Structure formats: C-alpha cells, structure tokens
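Here is what each chain is made of, one letter per residue.
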Amino acid sequence: MADQFIEVDKLRDTLRESLEKDDRRQEDISRQDVLSRIERVIQTIVFSVSEGEAPVLRLMNRCNWASVRFHESVGLVRKADVPVTTLRCDCPSSATRFALIFKLLSVIYKLVQSDSYATKRDIYYNDPQLFGSQKTLDSILDDISCMLKVPRRSLHVFATSKGFISGDLCYLEEDGTKVDCNSSSTAVPVSSNVNGIRNIVSAAKFILIVEKDATFQRLLDDAFCARLSPCIIITGKGVPDVNSRLMVRKLWDTLHIPVFALVDADPYGIEIMCIYKYGSRSLAFEAYSLTVPSVLWLGLLPSDIQRYRVPEETLIPFSQADESKINSLRTRDFISCQPAWEREIEAMQRLKQKAEIQSLSSIAPHFLTRVYLPNKLRYGGWI
C-alpha cells in the first residue's frame, strides 16, 4: 500500500508550488474598525434626520448575477459597481426591513463592543415576533455584512453548524477545548467558530468533501478513514452552510493538501461542488475567506457511469428542472474555464440521465469504499 498516495503527493507538490505565486488570504478586520463602520452608518442617518430628510440605506444587490464576476484564482467575487437597492424609512414597502437592519446593527454593535458572541438562533429567539422567521434574520445579517464590507465572522454572530468532519485531525477550539476527529465510527460537528480554531494537527494526505450525509455515514461505517489513512472527510449535508465552507478553507490554508469532491453525477451535485470551489452569488463579498479554487472533482463523474457499467435500473432520467439547471451551469464562466468539467457535463446532457453515488453499491456492497475511491486516488482519477 506504500504507493497508494503517489499521485496524490505529486498533486500536493504542484498545488504548493502554485501557492507561492498566489497568496490571496484576506486580513481580518479589527473590532474597532467594525464599530467605526457601524457608527458611520448611524451618523449618516442622524445627518439626514437633522436636515429634515427621510433616512435611507443603500444595500448592494447580493443575489443578482450582474453583481458578480468570475476571478479564476478566487471564484465569484463582487463587482466594484454592483446594483444598489435603496431602503427608505418612510416607504411602506421597505420601512420594516429598514427597522430590522437597525435593530440587528444595535445587537451587533453591543456584541463587538463587549467582545462577546451570539448565534443567529439566539438572536432570533430573543424576539421571534419581531423578525418573523429565521430566514429573514439570516438575510438581514448578510445584507449588513455586505453593506459594512465586513466578513460575517467579524460581526460576532455565528451560525449553528450542520456539517460533520472525521479523520486524521486534532485542533483546539477558541475556549481551549481539544477536538479529536480520529474516531473511525463517529464524526465531529463542524465548529460554529471556525475562525477561532487553532493548533491544527494533521498528517492527512488529502481532504474529501462528501456531498450527502448518507454517503458520509457510509464512509464512516466502512472505516474509510482507517483504510485510506491518513485523510480527512467532511460533509455539509447537501448545499453547504458557511461553517462547512469556512472549515474546508481553514484546512486548505493550514495544511495545503489536495481537496477532492465526491458528489452525485447530476446538475445539483455539480453546483454544490462549485459552491465549495468558487462560492455563491449571495456571499461573493466573502469569497476570499470561503472559496477553495483548488478543489478537484473526484467523482461521481458522468463518464464513470459507462466506465464502471453502473446498472441501467439505478440511473434516473433527467427532469425539466435538471435540464434547466444544466443549461444554466453551462453558461457560467467557472465551468467554461474547466474543459474536462465541460466534457463531463456535455456527456451527462447527452445521456439525459443522472446517477447518485449510492448507485455504485449496486455493483457491489463495498464498491465505493474498497474499489472506486481507492483506485481513483491511486491512479489520479480526478479532474
């Protein structure tokens, strides 16, 4: 088994060489700077009131493709001249959101000033009738982060993590708690304060992002991390939360080892992989701390369906939503800059069929963990 990581080690050396040419880490913003930015917003409002004018807030449009551009070494980043939405306090359609932004700004200011922290759920359940829904609060927090040009981690408001991690990894939480992810049968929840993690220790050869929790659990049950030790596996349980993305980026910044993605051979699996690799429209303003453009597609590749003769009865016909999603993907710059990815997507579109990772178990019960993944890693079967 000594040669199982030869190709992975070659890839690691290549990635580390490219790192020397492109150091794109973003500096953290100081607490005082965050407070100053909030104060400037308040001063603008006070000035408007003193002049007898209705106060307004100008928010950048985060969810429009026109507001982002593709940067190959970073991912989706915000344009300098993004569309702006104006919120007026005297306009019935925007007064409520205007007030909620000021309420949350007040909470954030107190947290930063006192150097204390809260979760989004804590803030919501302190006054659920005010915010109406957790989704509303989440959206307002993102608007504030974008408006202040401050990463969300600097606002002292954390999100509850939904991701899990396992493998050759130990670290300390900010409060000094030691976390050991080495158990082969159980996983550790991703930290809610990834930025506070320190003293990361790992001899892992690679990191494997797993799209689905069910597949992640299958890897744990089959002792994948022990069989291909040393390695790290992580899942965001579908579309990843910010903490799962931060964790992948933190590990990449610290360990500089290859990061692979294991997703379904369908348009939505590809999109999830692209979120880890290139980011999303809504959080493009945080791309420098969330994306890992070195992520490679390990599987399930559409070409693997024929290569491994995945049984026809396990394949799923394309739906109209799948067709729409794949057409959308093919128009994006971050796909067109990856010729190998383009060819795989074209093959999928021609077949008009998709396959879940679990379909490999129809070949043999342990095919995924004992044949497919070991061979992919040994022979460089990634793109």
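Cut-off values and rules
Residues numbered from 1 in each chain as written. Predicted model: local features only at pLDDT ≥ 70, side-chain atom pairs only at ≥ 80, totals over all residues. Heavy atoms only, no water. UniProt positions renumbered as here; feature names shortened; annotations may be inferred. Domains from an automatic or database assignment. Contact = heavy atoms within 4.5 Å. Buried area = accessible area lost by both parts, 1.4 Å probe. Salt bridge = Lys/Arg side-chain N within 4 Å of Asp/Glu carboxyl O. Helix = DSSP H or I, 4+ residues; strand = E, 2+ residues; numbered from the N terminus. Buried < 20%, exposed > 50% of the residue type's maximum accessible area, 1.4 Å probe, protein only. Axes fitted to C-alpha atoms, helices over the stretch in contact; angles between N-to-C directions. Left-handed = near helix turned anticlockwise from the far one by under 90°. Nonpolar A, V, L, I, M, F, W, Y, C, P; charged D, E, K, R; others polar. Core = buried A, V, L, I, M, F, W, Y, C linked by side-chain atoms within 4.5 Å. Expected span 1.5 Å × (residues − 1). Pairing = 2+ DSSP bridges. Phe/Tyr/Trp six-rings, centres within 6.5 Å; stacked < 30°, edge-to-face > 60°.

An unreviewed UniProt entry lists the protein under the name DNA topoisomerase (ATP-hydrolyzing), with Carassius auratus red var. x Cyprinus carpio as the source organism. Comment text from UniProt for the protein, heading Subcellular location (unreviewed entry), reads "Nucleus". Turning to the protein, the UniProt record has this under Catalytic activity (unreviewed entry): "ATP-dependent breakage, passage and rejoining of double-stranded DNA."

A. Molecular detail of the domain arrangement of the protein. When the domains of the protein are assigned, the result is domain 1 (31–158) and domain 2 (161–379). Taking only C-alpha atoms into account, the centre of domain 1 sits 31 Å from that of domain 2. Taken together, the contacts link 22 residues of domain 1 with 24 residues of domain 2. Note on domain 1 versus domain 2: buried area summed over both sides is about 2000 Å², and carbon and sulfur give 65% of it. Among the residues domain 1 hides against domain 2, the three largest losses belong to F70, L76 and R153. Together they make up 30% of the total. Remark: the boundary between domain 1 and domain 2 carries one salt bridge.

B. Broad picture of the pattern of salt bridges. This structure, assessed with the given rule, holds 24 salt bridges. Note that D115 is salt-bridged to R31, the shortest N-O span being 4.0 Å. Highlighted residues: D115 in the loop between α3 (95–113) and β5 (118–119) and R31 in helix α2 (residues 31–50), separated in sequence by 84 residues. Judged by its relative accessible area of 40%, D115 falls in the partly exposed class. The exposure class assigned to R31 is partly exposed, which follows from its relative accessible area of 37%. For R218, the salt bridge goes to D222, with nearest N and O atoms at 3.5 Å. Assessed through its relative accessible area of 7%, D222 is described here as buried. Overlapping salt bridges bring together R62, R97, D142, D143, R152 and E286 as one network.

C. Molecular detail of the UniProt feature "domain: Spo11/DNA topoisomerase VI subunit A N-terminal" (unreviewed entry) in the protein. Residues annotated in UniProt with the feature "domain: Spo11/DNA topoisomerase VI subunit A N-terminal" (unreviewed entry) correspond here to residues 97–157. Helix makes up 70% of residues 97–157 and strand makes up 5%, while its end C-alpha atoms are separated by 19 Å.

D. View of the packing of α2 against α3. Here α2 crosses α3 at 150°, and the two axes come no closer than 10 Å. The way α2 lies across α3 gives a crossing that is left-handed. For the pair formed by α2 and α3, the contact residues are R31, V34, L35, I38, E39, V41, I42 and I45 on the first element and F98, F102, L105, I108, Y109, V112 and Q113 on the second. Partitioned by chemical class, the residues of the contact of α2 with α3 number twelve nonpolar, one polar and two charged.

E. Spotlight on the nonpolar core. Counting 85 residues, the largest nonpolar core has I165, F206, L208, F224, M247 and F260 as the members making the most contacts within it. In terms of residue count, helix α9 (residues 242–255) provides more of this core than any other element does, seven residues in total. Two domains each provide a minimum of three residues to this core, namely domain 1 (31–158) and domain 2 (161–379). If sequence neighbours within four positions are ignored, I165 has contacts with C181, A187, V188, V190, F216, I232, I233, I234, M247 and L251. Counting 30 residues, the second-largest nonpolar core is a separate cluster that includes L35, I108, I140 and L141.

F. Examining unusual backbone geometry more closely. Looking along the chain, the bond that leaves S229 and enters P230 is cis, with omega of 0°. Within the secondary structure, P230 is located in the loop between α8 (224–227) and β13 (232–235). Although it is not a glycine, A223 sits at a positive phi angle of roughly 55°. Examined against the element boundaries, A223 turns out to sit in the loop between α7 (213–221) and α8. In this structure, R309 takes a positive phi of about 50° despite not being glycine. Structurally, R309 can be placed in the loop between α12 (302–307) and β16 (316–317). Taking relative accessible area as the criterion, R309 reaches 74% and is therefore assigned exposed.

G. Quick look at α9. Given a rise of 1.5 Å per residue, 14 residues ought to cover 20 Å, and the 20 Å separating the end C-alpha atoms of α9 matches this to within 8%. Where burial is concerned, most of α9 is hidden: 13 out of the 14 residues are buried. The positive-phi residue at the C-terminal boundary of α9 is H256, with phi of around 50°.

H. Molecular detail of the sheet that holds strand β9 (residues 178–180). An order of β9-β8-β11 is seen for the three strands of this open sheet, with the pairing classed as antiparallel. Here the strands that pair on one side only, and so sit at the sheet edges, are β9 and β11 (198–201). With direction set aside, neighbouring strand axes in the sheet form an average angle of 10°. As defined by bridge partners, strand β8 (residues 170–172) adjoins β9 across three bridges and the pair is classed as antiparallel.

I. Just the packing of aromatic side chains, in detail. Counted under the stated rule, the structure contains twelve aromatic pairs. Their ring planes at 35° and their centres at 4.9 Å tell us that F260 and W382 sit as a pair that is tilted. Here F260 is found in strand β14 (residues 259–262), whereas its partner W382 is found in the segment after α16 (367–379), with 122 residues between them in sequence. Judged by its relative accessible area of 0%, F260 is buried. Note on W382: relative accessible area 15%, which makes it buried. Consider the rings of W297 and W341, whose centres lie 5.5 Å apart with planes at 75°: the pair is edge-to-face. A residue pair is termed long-range when its members are at least 10 positions apart, and W297 in strand β15 (residues 296–299) and W341 in helix α15 (residues 339–351) qualify at 44 residues. In terms of burial, W297 and W341 fall into one category: buried.

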